[in-house]
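Coordinates in review
Single-letter residue listing:
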Amino acid sequence: MLQITNSVLKQDINQDGNLHFYPRKPKLSDTEIIALSLCQECLGIDSENWSLAKLKSDYRNDFSNLVHITNYNKRRKRLSPWTEQVNRRLANVLNEVEDVFMVDSVLVPVCKLAREKQLKVCRHHFETAPDKGYSAVYKQYYIGYKLHLTIGMNGVYQGMELTKAGVHDVHYLNEIKYSGLKSCVLLGDKDYLSTEWQLDLFSSVNIELQTPKRANQKDYKPWLWVYKSTRKRIEVVFAQLCDQMMLKRNYAKTFEGLRTRIMAKVAAVTVLQHINHLNGKPLNHIKHALAA
């Protein structure tokens, strides 16, 4: 993980492996913090406290310069934009020849519905506080957020955003317009069905938005089979995030902490796909990426 992080960020780090200025040299460099965070997510460890305690107790000789958990979490949040850069730069290589992308969202609950009145997590600011949303998949309400994700045909990350649960999926299309994605085909489900947004995306960034039509529409036509089969790829990616990366298990107390965790999980998937690419293995067999 450290080798990958250093190679991706080699033009941005100094000789000590740091991305920021420090009056005193820290025990762990910035790239080591990012690599440790990615390694933790790749191994399916969802508790930073347990992870650092395990390293200090069982691998003391190999990790003699570990920082305190508080310092680690603060620096991890501060370095989250650089974790996103690692994710984006690796994805740009893997998506170099892609011209068809998929967009969808998955729920990220932060508490049970019965605990809504007592919830204090992530409520420091109204703009980023969780709210109530409805899941059509589970046919129930939940308290939390939505993770909007754009991926390529090969299942590799292209863009993401975390919004309140009550935000409709179609509003994420405005973020796509300014994400740098252009001159491609974008596949969405019926939640993204909007003639207005289709015209706006095509006229502004030459993105052709394709969605299935509702059966009661006048111009209804069955969706092409190839689009239906391709759309399954993003469901697989969401399943990997929820299962292997434990996306819906939340220990964060602030929105910044939650977003940092989610970005690390998405970046970990891209890193594992990158490792498979280097080893000539199927990109999305991420459970076996670290196997000898």
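Right above here is the structure, for reference.
Here the residue index of a chain counts from 1 through its sequence in written order. Confidence filtering applies because this is a predicted model: local features only for residues at pLDDT of at least 70, side-chain atom pairs given and counted only at 80 or more, and all residues used for totals across whole chains, interfaces and linings. Here the side-chain values reflect all heavy atoms present in the structure, with hydrogen atoms and water set aside.

Attention shifts here to a nonpolar patch on the surface. A contiguous nonpolar surface patch, about 320 Å² in accessible area, is contributed by L113, Y134 and Y141. Overall, the relative accessible area of 49% leaves Y141 in the partly exposed class. Excluding any residue in a salt bridge, patches collect residues exceeding 30% relative accessible area, merging like charges within 9 Å and nonpolar Val, Leu, Ile, Met, Phe, Trp and Tyr side chains within 5 Å. In this description, accessible areas are obtained by the Shrake-Rupley approach with a 1.4 Å probe, and a residue is regarded as covered only by the protein chains that are shown. Here, a salt bridge means any side-chain nitrogen of Lys or Arg that lies within 4 Å of a carboxyl oxygen of Asp or Glu. We call a residue buried when its accessible area falls under 20% of the maximum for its residue type, exposed when it is over 50%, and partly exposed in between, using a 1.4 Å probe and counting protein chains only.

As a further point, take empty space enclosed by the protein. Here a cavity is any set of points on a 1 Å grid over the protein atoms alone where a 1.4 Å probe fits but cannot get out, and a pocket is any open set with protein on both sides within 12 Å along at least 5 of 7 lines; a residue lines the site when it has an atom within 4 Å of a point. Grid points are joined across faces, edges and corners, and a volume is the space filled by probe spheres set on the points. Counted under the stated rule, the structure contains two cavities of 30 Å³ or more. Here the largest cavity defines a volume of roughly 50 Å³. Along its surface, the largest cavity is lined by L149, I151, G155, V156, Y157, V237, L241, V266, V269, T270 and Q273. For the lining of the largest cavity, the secondary-structure elements that each account for two or more residues are β3 (140–152), α8 (225–243) and α9 (255–278). The element that contributes the greatest number of residues to the lining of the largest cavity is α9, accounting for four residues. By volume, the second largest cavity is sized at about 40 Å³. Each helix is a run of DSSP H or I of at least 4 residues and each strand a run of E of at least 2, with the numbering of both proceeding from the N terminus.

The subject of this paragraph is the nonpolar core. What is meant by a nonpolar core is a set of buried Ala, Val, Leu, Ile, Met, Phe, Trp, Tyr and Cys residues, joined one to another through side-chain atoms within 4.5 Å. Formed by 62 residues in total, the largest nonpolar core has its most connected members in L147, L149, L241 and I262. Among the elements that take part in this core, α9 stands out by supplying 11 residues, more than any other. In this analysis, two residues are considered to be in contact whenever any of their non-hydrogen atoms come within 4.5 Å of each other. With sequence-adjacent residues up to four places away left out, L147 is seen in contact with D104, S105, V106, V108, M160, E161, L162, F238, L241, L247 and I262. Counting 15 residues, the second largest nonpolar core, distinct from the first, contains F101, V170, L173 and L209.

So, about the layout of surface pockets. To locate leftover empty space, one rolls a probe as large as a water molecule over the atoms. Counted as a void, the largest pocket has a volume near 490 Å³. Forming the boundary of the largest pocket are 20 residues, of which S105, V106, L107, S135 and V137 lie nearest the centre. Of all the elements in the fold, those that place two or more residues in the lining of the largest pocket are β1 (100–111), β2 (131–135), β3 and α8. Grouping the constituent residues of the lining of the largest pocket by class yields 10 nonpolar, three polar and seven charged. Taken as a whole, the second largest pocket holds about 410 Å³ of empty space. As for the second largest pocket, its lining consists of 20 residues, of which L36, C39, L55, F63 and L66 are closest to the centre. Contributing elements (two or more residues each) for the lining of the second largest pocket: α2 (30–42) and α3 (48–58). Examining the composition of the lining of the second largest pocket, we find that five residues originate from one element, α2, more than from any other. Residue composition of the lining of the second largest pocket, grouped by class: 13 nonpolar, four polar and three charged. All residues other than Ala, Val, Leu, Ile, Met, Phe, Trp, Tyr, Cys, Pro, Asp, Glu, Lys and Arg, Gly among them, are scored as polar; the first ten of these are nonpolar and the last four charged.

Our focus in this paragraph is helix α5 (residues 80–94). For a helix, the expected span equals 1.5 Å multiplied by the number of residues minus one. In this model α5 runs 21 Å from its N-terminal to its C-terminal C-alpha over 15 residues, within 8% of the 21 Å that 1.5 Å per residue would give. Considered for burial, the residues of α5 that qualify are S80, T83, E84, V86, N87, L90, A91 and L94. Looking straight down α5, one finds that the buried residues subtend no more than 155° of arc, so they occupy a single side. Buried positions along α5 lie against α1 (2–8), α2, α4 (69–78), β4 (157–164) and α9. Directions pointing from the helix axis toward each C-beta atom define the arc.

The next thing to look at is the packing of aromatic side chains. Ring pairs shown here join Phe, Tyr and Trp side chains whose ring centres sit within 6.5 Å, with only the six-membered ring taken for Trp; geometry is labelled stacked below 30 degrees between planes, edge-to-face above 60, and tilted in between. Applying the stated criterion across every chain, the model contains two aromatic pairs. Taking 5.4 Å as the distance between ring centres and 50° as the angle between the ring planes, the aromatic pair formed by Y145 and F255 counts as tilted. Placement of Y145 in strand β3 and of F255 in helix α9 is noted, with a sequence separation of 110 residues between them. Comparing Y145 with F255, the two get one shared label, buried.

Once that is clear, we can look at the pairing of strand β5 (residues 184–187). With burial as the criterion, each face of β5 is covered, one bearing C184 and L186 and the other bearing V185 and L187. When DSSP locates at least two bridges between a pair of strands, those strands are taken to pair. Looking at chain direction, β1 and β5 are connected through three bridges and run parallel. Each bridged residue has a counterpart across the sheet, and for M102 the counterpart in β5 is L187. Here β5 runs beside strand β6 (residues 207–210); their pairing, made up of four bridges, is parallel. Directly across from V185, in β6, lies its bridge partner E208. Orienting the strands away from the viewer, one traces the path from the first strand over the helix to the second; a clockwise path indicates a right-handed crossover. In this fold, β5 hands off to helix α7 (residues 195–205), which returns the chain to β6; that crossover is right-handed.

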